[in-house]
Amino acid sequence: MAATADLALAEPRSSPVGQCAYCHGEDGIARDTEVPHLAGQNEKYLFNQMMAFRAGKRPHKEMRFMARNMTVQEVAALAAYYAALPPR
């Protein structure tokens, strides 16, 4: 039983980019007019907003759900990823 638990802990989580891409697009360009584009956005801004969603300081049901279990490193990586994409 312990070996099974160790394997479950060793399995990588799905990529946060893949989770974000559903609404914001892998290219950072949202397909829905109600969803903001993230491509080319300021990295520090993205990081701070995600941390605010994560902490519940910025209310948004879906974003709070998505951000609540992300690590600081994952949030930083997402911010860097989307900031590096070319804006449209």
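Refer to the structure presented above.
Thresholds applied
Residues numbered from 1 in each chain as written. Predicted model: local features only at pLDDT ≥ 70, side-chain atom pairs only at ≥ 80, totals over all residues. Heavy atoms only, no water. Salt bridge = Lys/Arg side-chain N within 4 Å of Asp/Glu carboxyl O. Helix = DSSP H or I, 4+ residues; strand = E, 2+ residues; numbered from the N terminus. Buried < 20%, exposed > 50% of the residue type's maximum accessible area, 1.4 Å probe, protein only.

**Comments concerning the pattern of salt bridges**
Within this structure, the stated rule accounts for two salt bridges. Note that Asp27 and Arg88 form a salt bridge whose closest N and O atoms lie 3.9 Å from each other. Placement of Asp27 in the loop between helix 2 (16-24) and helix 3 (43-55) and of Arg88 in the segment after helix 5 (72-84) is noted, with a sequence separation of 61 residues between them. Residue classification places Asp27 among the partly exposed positions, given a relative accessible area of 31%. Among the residues examined, Arg88 registers a relative accessible area of 75% and is labelled exposed. Several salt bridges converge on common partners, so that one network encompasses Asp27, Arg31 and Arg88.

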